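One-letter residues, chain by chain:
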Amino acid sequence: MNPGDRAVFIAAYGRLVVEVWSDPAREALLERDPRRLLGEYGIAVPDGVPVTVRRDAGDAEPDLEAQVEAWRSAADLGEMVLFVPALEAEGEFEIDEHELENVVAGLEPGTACCCPCCCT
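Notes on the structure in this doc start here. Computed from a predicted structure; not experimentally measured.

At their nearest, the axes of helix H1 (residues 3–22) and helix H2 (residues 24–32) sit 5 Å apart, and the two run at 115° to each other. What the angle tells us is that H1 and H2 run roughly perpendicular. Crossing geometry of H1 relative to H2 is assigned as left-handed. The segment H1 lies against H2, with Glu19, Val20 and Ser22 engaging Pro24, Arg26, Glu27 and Leu30. Residue composition of the contact of H1 with H2, grouped by class: three nonpolar, one polar and three charged.

In the contact formed by H1 and helix H4 (residues 64–72), the axes pass within 11 Å of each other and the chain directions differ by 115°. One finds that H1 runs roughly perpendicular with respect to H4. Along this stretch, H1 crosses H4, giving a crossing that reads as right-handed. Here Asp5, Arg6, Phe9, Ile10 and Tyr13 of H1 lie close against H4, whose contacting residues are Leu64, Glu65, Gln67, Val68 and Trp71. A per-class count over the contact of H1 with H4 returns six nonpolar, one polar and three charged.

About the cut-offs
Residues numbered from 1 in each chain as written. Predicted model: local features only at pLDDT ≥ 70, side-chain atom pairs only at ≥ 80, totals over all residues. Heavy atoms only, no water. Axes fitted to C-alpha atoms, helices over the stretch in contact; angles between N-to-C directions. Helix = DSSP H or I, 4+ residues; strand = E, 2+ residues; numbered from the N terminus. Parallel < 35°, antiparallel > 145°, perpendicular 65-115°, else oblique. Left-handed = near helix turned anticlockwise from the far one by under 90°. Contact = heavy atoms within 4.5 Å. Nonpolar A, V, L, I, M, F, W, Y, C, P; charged D, E, K, R; others polar.

Right, dumping it as structure tokens:
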């Protein structure tokens, strides 16, 4: 694969991942028709080669080189594996109005005294 083709693929793949993360309609298309979604980003998959979507890589870090290789070798392997990590809702929680006021003011409960200058 020449560097130009690789760069074009990486740019298109990056846009695809970002839009899947930010647009529920794109995420639905990923699940329903990943080949069509890839095509909309200019990523060609050989005819007759199925596209398998992998959303969860466990605790593994995303591996761009693995995705480039999966695309490059799809015809030889007879399968295109598309890695699009799922966004986790981990860390989301609700806070009450008093806690929100502290966040907006830049304060954490129990850390404020008389003025910001003496707390640093």
